[in-house]
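If you want the building blocks of each chain, they are given just below.
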Amino acid sequence: GQNIDQPTEMTATEGAIVQINCTYQTSGFNGLFWYQQHAGEAPTFLSYNVLDGLEEKGRFSSFLSRSKGYSYLLLKELQMKDSASYLCAVRDEGAGGYQKVTFGTGTKLQVIP
Amino acid sequence: GAGVSQSPSNKVTEKGKDVELRCDPISGHTALYWYRQSLGQGLEFLIYFQGNSAPDKSGLPSDRFSAERTGGSVSTLTIQRTQQEDSAVYLCASSLAQGAGYEQYFGPGTRLTVT
């Protein structure tokens, strides 16, 4: 099984930087995803990390430390449209040997002027 | 190109009735997932298909829930004798394969309300 923890809510100011943390416990880790979900909409893919280090994609970066079971999503130059829930999801080996993806409960980010 | 589609977008049903939810994945995507999301909650995994077979049904909440996939494409999730606690948004996602790095593409969801 898996345990995925993220803060429930965060608030940050437009133009600032925010870091959303995710910790996980799993036995057969094979990658970590971040998804963005606006209220009333489906999640959309942001990033994928499987090796330690930082992956940068424009204003968004994601970091992974496998030894610590830790990831963060960094959002720079925050915009009002970044107000959304951010879901951490971990892939590991599930029943039958296939790669199972489990989602955390998400961090609701509110960007304020 | 077309994304993942789901129907109906909204379904209101009476307690005890059966409902069928449909998912059309992206063409060529062999992996298909069903999740459930209650208001303000995270995604709860229900079932996963690789092709037409379901190697992991561990997330189905009870034997009232079943799912099938035909032709490696369309999938239906059936809930029998619905209960009020079944009310949620049911999300379907597909991915190119089960390999590492294949992100999931989500459909818009079906909002199910059991009265």
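Quantities reported herein were computed from a predicted structural model and do not represent experimental measurements.

1. Topic: the interface of chain A and chain B
Opposite the 18 residues of chain A that make contact, chain B presents 21 residues. Regarding the contact of chain A and chain B, the summed buried area is about 1,600 Å², with carbon and sulfur atoms giving 55% of it. Between the two partners, chain A and chain B, sit 0 salt bridges. On the surface where chain A and chain B come into contact, there are 2 residue pairs in polar contact (both at pLDDT 80 or more). Elements with a contribution of two residues or more to the side of chain A that touches chain B: β4 (32–37), β5 (44–49), β9 (84–93) and β10 (99–103) of chain A.

2. Quick notes on the sheet that holds strand β1 (residues 5–7) of chain B
Residue and element names in this part refer to chain B. Taken in spatial order, the 4 strands make up an open sheet running β1-β3-β8-β7, and their pairing is antiparallel. Two strands bound the open sheet, and with one partner strand each, they are β1 and β7 (65–69). Across the sheet, the mean angle separating the axes of adjacent strands is 15 degrees when strand polarity is ignored. Direction of pairing for β7 relative to strand β8 (residues 75–79): antiparallel, over a ladder of 5 bridges. Among the inter-strand pairings, Arg-69 is bridged to a residue of β8, identified as Ser-75.

3. Things to note about the packing of aromatic side chains
All names here are of chain B. For the structure shown, the criterion picks out 16 aromatic pairs over all chains. The interplanar angle of 70 degrees and the centroid separation of 6.1 Å between the aromatic rings of Tyr-35 and Phe-45 together place this pair among those described as edge-to-face. Here Phe-45 lies in strand β5 (residues 44–50) and Tyr-35 lies in strand β4 (residues 31–37), a separation of 10 residues in the sequence. A single burial state applies to Tyr-35 and to Phe-45, both of which are buried.

4. Observations regarding the pairing of β4 of chain A
Residues and elements named next belong to chain A. With respect to burial, β4 is a largely interior element, 6 of its 6 residues being buried. Alternating residues of β4 divide into Leu-32, Trp-34 and Gln-36 and Phe-33, Tyr-35 and Gln-37, and every residue in both groups is buried. In this sheet, β5 lies alongside β4 in antiparallel orientation, the contact comprising 5 bridges. If you follow Leu-32 over to β5, its bridge partner there is Asn-49.

5. Digging into the side chain of Arg-59 of chain A
Residues and elements named next belong to chain A. If you trace the backbone, Arg-59 turns up in the loop between β6 (53–57) and β7 (60–65). On the basis of relative accessible area, Arg-59 is assigned to the buried category, the value being 19%. Only 2.8 Å separates the side chain of Arg-59 from the side chain of Asp-82, close enough to count as a polar contact. For Arg-59, the residues in contact, after removing those within four places along its chain, are Leu-74, Leu-75, Lys-76, Glu-77, Leu-78, Gln-79, Lys-81 and Asp-82.

6. Here's the deal with the pattern of salt bridges
Residue and element names in this part refer to chain B. Taken as a whole, this structure holds 7 salt bridges over all chains when the rule is applied. In this structure, Arg-22 engages Asp-24 in a salt bridge whose closest nitrogen and oxygen atoms are separated by 2.8 Å. Taking relative accessible area as the criterion, Arg-22 reaches 37% and is therefore assigned partly exposed. For the salt bridge of Arg-64 with Asp-86, the shortest nitrogen-to-oxygen distance reads 2.8 Å.

7. Considerations on the layout of surface pockets
As a volume, the largest pocket reaches approximately 780 Å³. Residue lining of the largest pocket: 36 residues in total, with Gln-37 of chain A together with Gln-37, Leu-39, Gly-40 and Gln-41 of chain B positioned closest to the centre. Counting only elements with at least two residues in the lining of the largest pocket, the list comes to β9 and β11 (107–112) of chain A together with β9 (88–95) and β11 (110–114) of chain B. Its residues assigned to classes, the lining of the largest pocket shows 11 nonpolar, 21 polar and 4 charged.

8. Some thoughts on the side chain of Gln-6 of chain B
All names here are of chain B. Note that Gln-6 resides in strand β1. At a separation of 3.0 Å, a polar atom in the side chain of Gln-6 contacts the main-chain amide nitrogen of Cys-92. Reaching out from Gln-6, the side chain makes a polar contact with the backbone nitrogen of Gly-109 at a distance of 2.9 Å. With near-sequence residues (within four places) excluded, Gln-6 lies in contact with Arg-22, Cys-23, Trp-34, Tyr-90, Leu-91, Cys-92, Gly-107, Pro-108, Gly-109 and Thr-110.

Cut-off values and rules
Residues numbered from 1 in each chain as written. Chains lettered and ligands numbered in written order. Predicted model: local features only at pLDDT ≥ 70, side-chain atom pairs only at ≥ 80, totals over all residues. Heavy atoms only, no water. Contact = heavy atoms within 4.5 Å. Buried area = accessible area lost by both parts, 1.4 Å probe. Salt bridge = Lys/Arg side-chain N within 4 Å of Asp/Glu carboxyl O. Polar contact = N/O pair within 3.5 Å; in protein donor to acceptor, adjacent residues only side chain to side chain. Helix = DSSP H or I, 4+ residues; strand = E, 2+ residues; numbered from the N terminus. Pairing = 2+ DSSP bridges. Axes fitted to C-alpha atoms, helices over the stretch in contact; angles between N-to-C directions. Phe/Tyr/Trp six-rings, centres within 6.5 Å; stacked < 30°, edge-to-face > 60°. Buried < 20%, exposed > 50% of the residue type's maximum accessible area, 1.4 Å probe, protein only. 1 Å grid on protein atoms, 1.4 Å probe; cavity = no way out; pocket = protein on both sides within 12 Å on 5 of 7 lines; lining within 4 Å. Points joined across faces, edges and corners; volume = space filled by probe spheres on them. Nonpolar A, V, L, I, M, F, W, Y, C, P; charged D, E, K, R; others polar.

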